[in-house]
Amino acid sequence: MKNPVRVAITGAAGNIGYQLAFRIASGDMLGKDQPVILQLLEITPALDALKGVVMELRDCAFPLLADVIATDDANVAFADTDYALLVGARPRGPGMERKDLLEANGAIFGPQGKALNAHASRDVKVLVVGNPANTNALIAQAAAPDLNPRNFTAMTRLDHNRAMWQLAEKTDKHVNDVQKMIIWGNHSATQYPDISQCTIAGQAATSQVANDWYESTFIPDVQQRGAAVIKARGASSAASAASAAIDHMRSWALGTASGDWVSMGVPADGSYGIEPGVIYSFPCVCEKGDYRIVTDLPISDFSREKMQATDEELRQERAAIEDLLR
Ligand SMILES: NC(=O)C1=CN([C@@H]2O[C@H](COP(=O)(O)OP(=O)(O)OC[C@H]3O[C@@H](n4cnc5c(N)ncnc54)[C@H](O)[C@@H]3O)[C@@H](O)[C@H]2O)C=CC1
Ligand SMILES: O=C([O-])CC(=O)C(=O)O
């Protein structure tokens, strides 16, 4: 049996956290041979609810769950943690954009970055889910100067999964047939879901759907899917968000499928002309516990314009919280 690894989840008594903890404890994220110690963080008023989550985790008698720690102290939650899923933050309601949460949620991620910097494993892999995810990841990264800046990532895997399903449904294929989807940029309404490289059962996606459907239906539907779920459910996506978080971490830790890639919000490194300074979603291949941005894909004028628009929004979000980066 492998030694247990430590997985921290913030907002663990919230809607997403309640899904995440159980799936991670059952081995969905790191494999059925990898024991885990869950380190659950909540705000003090939610500690009773968190106690209930811990009771239920124990009641599942998960073979892979080595221990559970529940706390309202980030220094405890992040101690020696190998994986940190930063979920705890306020969700948006109807009529809000995710960046409307910047002020309320931005303040959470500086102190958490600082606690990670002081206490986490030096190789900790960080995924920010709390919105606005890309900019919150930037805030956490800036507060953790002793950790590898590349290890601060934001979740666009839910958008990636949504886009794959929309395309599969439109072409009457299974989602397993869809490869090489790309989400560029921000986890927001400016994100650019790009099918130019996509294949469906090995054939170019662009030859299987009408361009008009792609531009006028697919792109806005993927961009607005979070809002559509809020309208339908009266609450933001939770089970699908937890599932995507597990997909993101599993790909990063265990690798992406041969011949395919995934979308991850990662620090821009100049690839595709996106200058450093923002956490931007790129197509990424993961191998041996690391990721790399897939480079040198051809970019059309249509794509370039959309990639720049979402970059611009990220720079505006950054400017709005610049004081939190110091
Ligand atoms: N990146 C993505 O694709 C997605 C992101 N989200 C975002 O995830 C976040 C969480 O969503 P839900 O779980 O539905 O919200 P929720 O309100 O059900 O749960 C959030 C939990 O975080 C806790 N919390 C608040 N501040 C905290 C702090 N400083 N430290 C630790 N815990 C804290 C709250 O007590 C609450 O239990 C929201 O910001 C939401 O917008 C949601 C869906 C997808
Ligand atoms: O839309 C929201 O506010 C929650 C979210 O990020 C998503 O479902 O993509």
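By the naming in an unreviewed UniProt entry, the chain goes by Malate dehydrogenase and is assigned to Ostreibacterium oceani. Comment text from UniProt for the chain, heading Catalytic activity (unreviewed entry), reads "(S)-malate + NAD(+) = oxaloacetate + NADH + H(+)". The UniProt entry for the chain carries the following comment under Function (unreviewed entry): "Catalyzes the reversible oxidation of malate to oxaloacetate."

Engineer: Quick one: what's the story with the pattern of salt bridges, residue by residue and with numbers?
Structural biologist: Using the criterion set out here, one finds 10 salt bridges in the structure. Between aspartate 48 and lysine 51 there is a salt bridge, with the nearest N and O atoms lying 3.8 Å from each other. A residue pair is termed a helical-turn pair when its members lie 3 or 4 positions apart in one helix, as aspartate 48 and lysine 51 do in helix 2 (residues 47-59) at 3 residues. Note that glutamate 322 and arginine 318 form a salt bridge whose closest N and O atoms lie 3.3 Å from each other.

Engineer: How would you sum up the pairing of strand 2 (residues 36-41)? Please name residues and give values.
Structural biologist: Of all 6 residues in strand 2, 6 are buried; the element is thus mostly enclosed. On strand 2, burial covers both faces: Val36, Leu38 and Leu40 on one face and Ile37, Gln39 and Leu41 on the other are all buried. Sheet analysis places strand 1 (residues 5-10) next to strand 2, joined by 6 bridges and oriented parallel. Residue alanine 8 lies in a different strand from strand 2, and its bridge partner there is glutamine 39. Crossover strand 1 to strand 2 through helix 1 (residues 15-25) is right-handed. Taken together, the 6 bridges between strand 2 and strand 3 (residues 65-71) define a ladder with parallel strand orientation. Across the sheet, the residue bridging to isoleucine 37 is aspartate 67, located in strand 3.

How each quantity is defined
Residues numbered from 1 in each chain as written. Chains lettered and ligands numbered in written order. Predicted model: local features only at pLDDT ≥ 70, side-chain atom pairs only at ≥ 80, totals over all residues. Heavy atoms only, no water. UniProt positions renumbered as here; feature names shortened; annotations may be inferred. Salt bridge = Lys/Arg side-chain N within 4 Å of Asp/Glu carboxyl O. Helix = DSSP H or I, 4+ residues; strand = E, 2+ residues; numbered from the N terminus. Buried < 20%, exposed > 50% of the residue type's maximum accessible area, 1.4 Å probe, protein only. Pairing = 2+ DSSP bridges. Right-handed = clockwise from strand over helix to strand, strands pointing away.

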